[in-house]
Amino acid sequence: MTGSCPIMITEIVIVRHPVSVCVPVNHKVTLRVRAEGKGILSYQWFSEDEKEVPGGTQSDLTIRASKTQRYVCRVNDHFHNYVFSEWVKVKVLDIDKSGLPVDWQGEPHIAINPKPETVQLGTKLSLRCAAFGIPTPHYQWYRNGQPLLDKTSDILQIDGATAEDGGSYLCSISNILEERWTEPVDINVVQPEQPPLTATDKVALLIGNLNYNSHPGLMAPVMDVHELGNLLQQLGFRVVSLLDLTRQEMMAAIDKFIQLLDRGVYGLFYYAGHGYEHAGRNYLVAVDAPQPYQTKNCVCVQRVMSQMQERQTAMSVILLDTCRKWYNQGCIPSVIKALRPNGNTVYGYATCEDAEAYEVQDGGKSTGIFTKYLNKHILQEAKVTHVLERVSEDVGKDPLVTGKQAVEIKHTMKEPRSLKDKVRTAGHTRELHLRDVCWRQANELPRKKQLTFPCGVKVEVSFSALFSNVLVAFATIKATPDQTQDCTVTLSSNPPTEDIFSRPGRSEDMDSLLLNETLNPDCTLRLCSLQKLKESVVLKVDLHYTHKDSNVRHTESRQVDIGKPLVASCKLYRENHTRDKKTNGATAQTTGNISHSKSQQHQNLAAPHRHFTRKAECAAKTPTAWSNEPEENDENELLDFQPSE
């Protein structure tokens, strides 16, 4: 009978390899290896830098895990045979372990849950979770309950997230002891945030016509233009504000304004005064328009917008506080086709078609109803059309114009642009410099002057701009010698100009709103209609004083040449022969003064809270007086018209 023989082990066999672990800092860890071989086996543990672990000569290695480290064990016999175990990692997480049970046996313990995120389309999505475990836990990510292939680490990363990557995510964390689940989180994938919209510059032209030669005068454009100009400056606009322009001056000012526009610029044109609508076009009545007048005596608004579009502005805004009454009530209004679909154009009308716009005159402060609420909302950080909608709502609630005036807004806005958008000059330095030079030409003030009179009295002459064509000169006595007393100073100019604010009906309250009272000058002089100046202005400063010794009244004079201040340097009085040639030689007549006649309405402005129309009346038609109705002229070169159905 043959007996069974024991199997002879001739080589070393590792029957149990050590396992990787994930533990907190300074946690005690024991790595174990089990092997079989001939004779007595020896062990030596090594770290990943191939250094022997001190004391690591047993099958079990116990360490205090202070940092993440890899380990391996070499097993050898006395016959010079040896074998290595598998490498294992002791991963150390330096994170909060306060929730780890005292008697923790190695089951997965989640220390970090993933967090919900909102990521932009096309960007990287990264989620992280972490758990302690002996052995090291296995990770499997899920989206909307479905496992994600190859997403089996503690960090889930997706490059270039798409809309399909959005959803609810969680992770299964398990080892041989147990399985745990993280908390579910929502991931939203959204469109990339658009960079904030900016302008390369912001330019505004404001025109207010009030003193008409042949039509009812107005009060409100003074304060409307003044206050709106100040608000636009707060919004970062370069503002040119002008009062009482003839048609020739209006066209010249608009030409200068158009030159300041360029690609990326925000352009804003505002007009307050008389106006009307005819055949779908809006016309602004110049102060020198005769009675009756034709379109050649006025300015076509659609022409202005067309010119603004040609400059490829980022946004073109036209705000009109004027009437839109039709001349021929039986005429079917035309529909205007835009020159080209550039977009980002806005018309803000004070009133709707075939209706009047009103101003409130209470003797102290006058304002157009539309501009009153425009100034209330214009500083808001909102899309320009939303600002105008709020203006429209307020006008609709005003009891003075209920059923008479309703704001109308027309626009082709394709971007949410706001008047409050910031100016970004990077990459546009040269264009900005050119615009700056042109703009400063219309806004340059004379320098402050220090005058010393023969008697020793010192007078300071300083300047401020109420509008781009209205300059205020201030004279202030700064020093008086002992021998002088009762000093007064007066100012006059050559050539003389008419002060439109000192006319009948202009109250002291309005003057106080227009003056900088902090200057406390001894004398002021307003120089109006500077656009008409063809020569330099010379100020005459007359000093009147009494000599103490002789008790005789004396007068001494000094002259100051201030050149052509503000808009005077732009020479708006020059005729544009190219433009006038198109209108069959018809040119606007220039008036020497701002106004030669005052209507009865203009004379009686002190009545409290009266509201007046801004409609420019045309003489009643007779069977043979067809010329009284505005006629079409050169606008056909720019715009196509179709009768509405």
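One can find the structure itself at the top, above this paragraph.
Residues numbered from 1 in each chain as written. Predicted model: local features only at pLDDT ≥ 70, side-chain atom pairs only at ≥ 80, totals over all residues. Heavy atoms only, no water.

**Q** What is the right way to read the environment of T30 from this model?
**A** Relative to the helices and strands, T30 resides in strand 3 (residues 27-32). Exposure remark for T30: the relative accessible area of 29% places this residue in the partly exposed category. Each C-alpha atom, one on T30 and one on R64, is 9.0 Å from the other, the two residues being 34 residues apart in sequence. Once residues lying within four places of it in the same chain are set aside, the contact partners of T30 are D60, L61 and T62. (Helix = DSSP H or I, 4+ residues; strand = E, 2+ residues; numbered from the N terminus. Buried < 20%, exposed > 50% of the residue type's maximum accessible area, 1.4 Å probe, protein only. Contact = heavy atoms within 4.5 Å.)

**Q** I'm lost on the sheet that holds strand 35 (residues 484-494) in this one. Help?
**A** For sheets, the rule is that strands pair by backbone hydrogen bonds, running either parallel or antiparallel. Pairing is antiparallel across the open sheet formed by three strands, whose spatial order is 35-37-38. In the strand order of this sheet, the two ends are held by strand 35 and strand 38 (553-563), each with one partner. Strand-to-strand twist in this sheet, taken as the mean axis angle between neighbours without regard to direction, amounts to 20°. Direction of pairing for strand 37 (residues 537-547) relative to strand 38: antiparallel, over a ladder of ten bridges. Looking across to strand 38, one finds that V538 is bridged to D561. (Pairing = 2+ DSSP bridges. Axes fitted to C-alpha atoms, helices over the stretch in contact; angles between N-to-C directions.)

**Q** Hey, could you run me through the side chain of D288 in this one?
**A** You can see D288 is positioned in the loop between strand 24 (281-285) and strand 25 (298-300). No salt bridge is formed by the buried D288; the nearest opposite charge belongs to K532, separated by 7.5 Å. Within the structure, the side chain of D288 is placed 3.2 Å from the backbone nitrogen of R247, a separation counted as a polar contact. (Lys, Arg positive; Asp, Glu negative; His and termini not counted. Salt bridge = Lys/Arg side-chain N within 4 Å of Asp/Glu carboxyl O. Polar contact = N/O pair within 3.5 Å; in protein donor to acceptor, adjacent residues only side chain to side chain.)

**Q** Please explain helix 3 (residues 301-310) as it appears in this structure.
**A** Spacing of three or four residues puts side chains on the same side of an α-helix, whose turn is 3.6 residues. The element helix 3 is largely enclosed, with a buried count of nine among its ten residues. Every buried residue belonging to helix 3 is among V301, Q302, R303, V304, M305, S306, Q307, M308 and Q309, and all of these are buried. Phi for Q312, located one or two positions after helix 3, is positive at around 60°.

**Q** It is not clear to me how the sheet that holds strand 31 (residues 408-411) should be interpreted in this structure. Could you clarify?
**A** Strand order across the open sheet formed by six strands is 21-20-22-26-28-31, with mixed pairing between neighbours. Strands at the two margins of the open sheet, each flanked by one partner only, are strand 21 (238-243) and strand 31. On average, each strand axis in the sheet is inclined to that of its neighbour by 10°, with strand direction left out of account. Where strand 22 (residues 265-272) lies against strand 26 (residues 315-321), seven bridges are found, and the strand directions are parallel. Paired with Y270 across the two strands is L319, which belongs to strand 26. Each of strand 20 (201-208), strand 21, strand 22 and strand 26 is contacted by helix 1 (residues 220-234), which is oriented at about 175° to strand 20, the strand it contacts most. Across the sheet, helix 2 (residues 247-259) touches strand 20, strand 21 and strand 22, and the angle it forms with strand 20 is around 175°.

**Q** Sorry, what's going on with the pattern of salt bridges here?
**A** A side chain with one charge may pair with a side chain of the opposite charge, provided their charged atoms come close. If you walk through the whole model with that rule in mind, you get 16 salt bridges. Here R143 makes a salt bridge to D165, at a shortest N to O gap of 3.6 Å. One end of the pair, R143, is in strand 14 (residues 138-143); the other, D165, is in the loop between strand 16 (155-158) and strand 17 (167-174), and 22 residues separate them in sequence. Its relative accessible area of 22% is what places R143 among the partly exposed residues. A salt bridge links R238 to D201; its shortest N-O distance comes to 2.8 Å. Of the two residues, R238 sits in strand 21 while D201 sits in strand 20, which places them 37 residues apart along the sequence. Considered together, R238 and D201 belong to a single accessibility category, that of buried residues.

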